[in-house]
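Close look at the chain arrangement
Below are the chains, spelled out letter by letter.
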Amino acid sequence: MLGLRLFHKSMWTIDCDACGARFEPGTGGVCATCQRILCPEHLHGSWLRRMAVDVGAASVCVECRTAGGRGTGGSKGRRGARGDATSPGGASGHESR
């Protein structure tokens, strides 16, 4: 095919906001809650979660999932997906009864 390489490593890499590791853009991604760019280990956590995201589940990082979906924002102090600071009571402002 005249030197056309279909399955090759990408020449572009991105740094993970959580650990600083370099990874290819197609393997990791952006968390829908805290908006951080993360490597596959910090974004998905497991191959099962990666498959769920591939078929349409929300791409939420391991840290936000373990924090109950509140979007802690990590060590960089980022804000939630709506742009507001998240609190222990949740970003919606509704109280639970």
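Residues numbered from 1 in each chain as written. Predicted model: local features only at pLDDT ≥ 70, side-chain atom pairs only at ≥ 80, totals over all residues. Heavy atoms only, no water.

Describing the overall build of the chain
- Looking only at helices and strands, the chain features three helices and four strands.
- Counting over 97 residues, the chain shows a buried share of 21%.
- Looking at the chain alone, contacts between residues at least 24 apart form 27% of all its contacts between residues at least 6 apart.
- Put simply, the chain shows about 7000 Å² of open surface, and 57% of that area lies on carbon and sulfur atoms. (Helix = DSSP H or I, 4+ residues; strand = E, 2+ residues; numbered from the N terminus. Buried < 20%, exposed > 50% of the residue type's maximum accessible area, 1.4 Å probe, protein only. Contact = heavy atoms within 4.5 Å. Areas by Shrake-Rupley, 256 points an atom, 1.4 Å probe, with all protein chains shown as cover.)

Description of a nonpolar patch on the surface
- On the surface, a cluster of nonpolar side chains totalling about 430 Å² of accessible area is made up of L4, L6 and F7.
- Of note, F7 is situated in the segment before β1 (14-15). (Patch = residues over 30% accessible without salt bridge, like charges linked within 9 Å, V, L, I, M, F, W, Y side chains within 5 Å. Salt bridge = Lys/Arg side-chain N within 4 Å of Asp/Glu carboxyl O.)

Side note on the state of the cysteines
- A complete count under the given rule lists zero disulfides for this structure.
- C19 takes part in no disulfide bond, and the closest cysteine sulfur to it belongs to C16, at a distance of 3.8 Å.
- Lacking any disulfide linkage, C31 is separated from the closest cysteine sulfur, that of C34, by 3.7 Å.
- Residue classification places C31 among the buried residues on the basis of a relative accessible area of 1%. (Disulfide = S-S within 2.5 Å.)

Things to note about the pattern of salt bridges
- All told, the structure shown has three salt bridges when counted by the stated rule.
- Its salt-bridge partner being D15, residue R22 comes within 2.4 Å of it at the nearest N-O pair.
- Of the residues examined, R22 reaches a relative accessible area of 57% and is grouped as exposed.
- For D15, a relative accessible area of 40% gives the class partly exposed.
- Here D54 makes a salt bridge to R50, at a shortest N to O gap of 3.5 Å.

Side note on the environment of E63
- Structurally, E63 can be placed in helix α3 (residues 62-66).
- Along the chain, E63 and A18 lie 45 residues apart, while their C-alpha atoms are 9.8 Å from each other.

Observations concerning the side chain of H44
- Tracing the backbone through its elements, the reader meets H44 in the loop between α1 (40-43) and α2 (47-54).
- Look at H44 and you get buried, because its relative accessible area is 5%.
- H44 has contacts with T27, R49, R50, V53, S59, V62 and R65, leaving out every residue within four places of it along the chain.

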